[in-house]
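Reading the structure
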Amino acid sequence: MTVISTFFKEEGGFKARADVVLDNGVCKMVVYDQNGEFVAEKSFPDKSVHYAESAAENWALGFQVLNG
């Protein structure tokens, strides 16, 4: 897995991050909590890195919610 970019989210006292990664040719958004523990992963098969980065940015801004 290669990390392409990282986006951060801060709400109140909570901090988290989303890494956009390239894993075997598939772009993914991997979300971690403030302790660096894995929270969720979303794959974007057949989408560009820019698409995955936009999704991660939207998550950081609170426009997108990930379920599990």
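Whatever comes next refers back to the structure up there.
Summarised in this report is the structure supplied together with it. Just so we're clear, the structure is a prediction, and the values are computed from it rather than from any experiment.

1. Comments concerning helix H1 (residues 49-60)
For H1, built from 12 residues, the straight-helix expectation of 16 Å at 1.5 Å per residue is met to within 8% by its first-to-last C-alpha distance of 16 Å. For H1, every residue scored as buried is listed here: Ala-52, Ala-55, Ala-56, Trp-59 and Ala-60. Around the axis of H1, the buried residues are gathered within 140 degrees of arc, so they sit on the same side. Structurally, H1 contributes buried residues whose contacts are with strand E1 (2-11), strand E2 (14-23), strand E3 (26-32) and strand E4 (38-44). Just beyond H1, the residue with positive phi is Gly-62, at close to 90 degrees.

Rules and cut-offs
- Residues numbered from 1 in each chain as written.
- Predicted model: local features only at pLDDT ≥ 70, side-chain atom pairs only at ≥ 80, totals over all residues.
- Heavy atoms only, no water.
- Helix = DSSP H or I, 4+ residues; strand = E, 2+ residues; numbered from the N terminus.
- Expected span 1.5 Å × (residues − 1).
- Buried < 20%, exposed > 50% of the residue type's maximum accessible area, 1.4 Å probe, protein only.
- Arc of directions from axis to C-beta.
- Contact = heavy atoms within 4.5 Å.

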